[in-house]
Amino acid sequence: MLDLMTRSDEALDTIRRTFPVALGDYAMPAGGTGLVIIDEVKGFAAVGCGPLAPAVPNAQVDRMIAETDRLARRFAGAGWPICVSLDRHDPDNPEPPYPPHCLIGTGHDELVSELAWLESEPSATLIAKDCINFFIGATELGADGKAGRNRLVDWVNGNRLVSVVTVGICTDVCVMDFVLTLLSARNHGMMPTLKDVVVYEPGCATYDLPEETARGLGLPETAAHPQEPAHHMGLYMMASRGALLSDTLR
C-alpha cells in the first residue's frame, strides 16, 4: 500500500510539473460580477446519495461546499447575481455513459443541505439541466425540439456582467465543459459585456476512483479517475483555453 501511495504521489508531481497551473488573486468588478455554482447537489456531493456521490466523506468535496457557501453568502449580501445549475434527470431519459443519477423524485437532484438556502435567495437564479454541459442545458427546447432562448446567456446579458466566477463539481467534467463553452460563446460575441471567466479553485472538486478500486468493481481501466490528478488537469485545460484561475477573490 505504501509503495502504491508513493507511486501515486510521484505521478501527481510529474503531472504538476508537466502541466503547470498558476492560481492568482482576482479583484471582482463591483456590480459586474456574477457567481455560477455547478451541480452541488446531493447526487454528486452528499455522502451515499447515489452512484456518483462520494461513498465516504471526502476532504476536497467538503472544502468545495464550505467555500461555495462562504462565497455565495458574500454575493448574496452584496446583492450580486448568483446562478445555480441543478443536475436533474427523468428516469426515462438516461445520460450515457453514466449510471442513473440525480433522478427527479429521489431528492438527489436537490442542493446539498449547506446550500439549500439559495432556493429562497432573491439574488439566486436556479436552472435545472439534464446534460453534462450547463450552457447547453440552459437552452430551452420547444415542443418541436428546436432550440430557443438560453437562460444562462440571458442571465449574463440581463445583469451586464463583466466577470463570471465559477465553482462546483466536477472540476474536469461539468465545470470544465461549462467554462470552455462559456469562453467560446464569449469569443463569439454572444455576451458583449463579458470579459473574464474565472474559476475559483477552492470552490471546485471532482470525484475519486483509483485504478485499483475500478478494477475491484469490475470496471474497465478507462473508468479510473484519481481525484487530485483529474482536478489538476481540469484546471489546466480551462486555463489553457483562457479561463483565469484564482485562489483569492477580492
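This report concerns the structure included in the present document. (Residues numbered from 1 in each chain as written. Predicted model: local features only at pLDDT ≥ 70, side-chain atom pairs only at ≥ 80, totals over all residues. Heavy atoms only, no water.)

Describing the nonpolar core
1) Next: Counting residues in hydrophobic clusters, the biggest one holds 68 residues, and the most contacted among them are Ile82, Leu118 and Leu152.
2) Next: Among the elements that make up this core, the one with the highest residue count is helix α6 (residues 171–187) (10 residues).
3) Next: Aside from chain neighbours lying at most four places away, what touches Ile82 is Leu35, Ile37, Ala72, Phe75, Ala76, Leu118, Ser123, Ala124, Thr125 and Trp155. (Core = buried A, V, L, I, M, F, W, Y, C linked by side-chain atoms within 4.5 Å. Buried < 20%, exposed > 50% of the residue type's maximum accessible area, 1.4 Å probe, protein only. Helix = DSSP H or I, 4+ residues; strand = E, 2+ residues; numbered from the N terminus. Contact = heavy atoms within 4.5 Å.)

A short note on the pattern of salt bridges
1) Next: Enumeration over the complete set of coordinates arrives at 11 salt bridges.
2) Next: In this structure, the salt-bridge partner of Asp25 is Arg250, at a minimum N-O distance of 2.6 Å. Note that Asp25 is positioned in strand β1 (residues 24–26) and Arg250 in the segment after β9 (244–249), a separation of 225 residues in sequence.
3) Next: Residue Arg73 is joined to Asp69 by a salt bridge in which the shortest nitrogen-to-oxygen separation is 3.0 Å. (Salt bridge = Lys/Arg side-chain N within 4 Å of Asp/Glu carboxyl O.)

Topic: helix α3 (residues 59–78)
1) Next: With 20 residues, α3 should reach 28 Å at 1.5 Å per residue; the first-to-last C-alpha distance of 29 Å fits that figure.
2) Next: Turning to α3, its buried residues number three or more, namely Gln60, Val61, Met64, Ile65, Glu67, Thr68, Asp69, Leu71, Ala72, Phe75 and Ala76.
3) Next: For α3, the side-chain oxygen to backbone nitrogen distance between the N-cap and Gln60 is 3.1 Å, and the N-cap itself is Asn58.
4) Next: Phi for Gly79, located one or two positions after α3, is positive at around 75°. (Expected span 1.5 Å × (residues − 1). Polar contact = N/O pair within 3.5 Å; in protein donor to acceptor, adjacent residues only side chain to side chain.)

Geometric descriptors of this kind do not, in isolation, establish any biological role.
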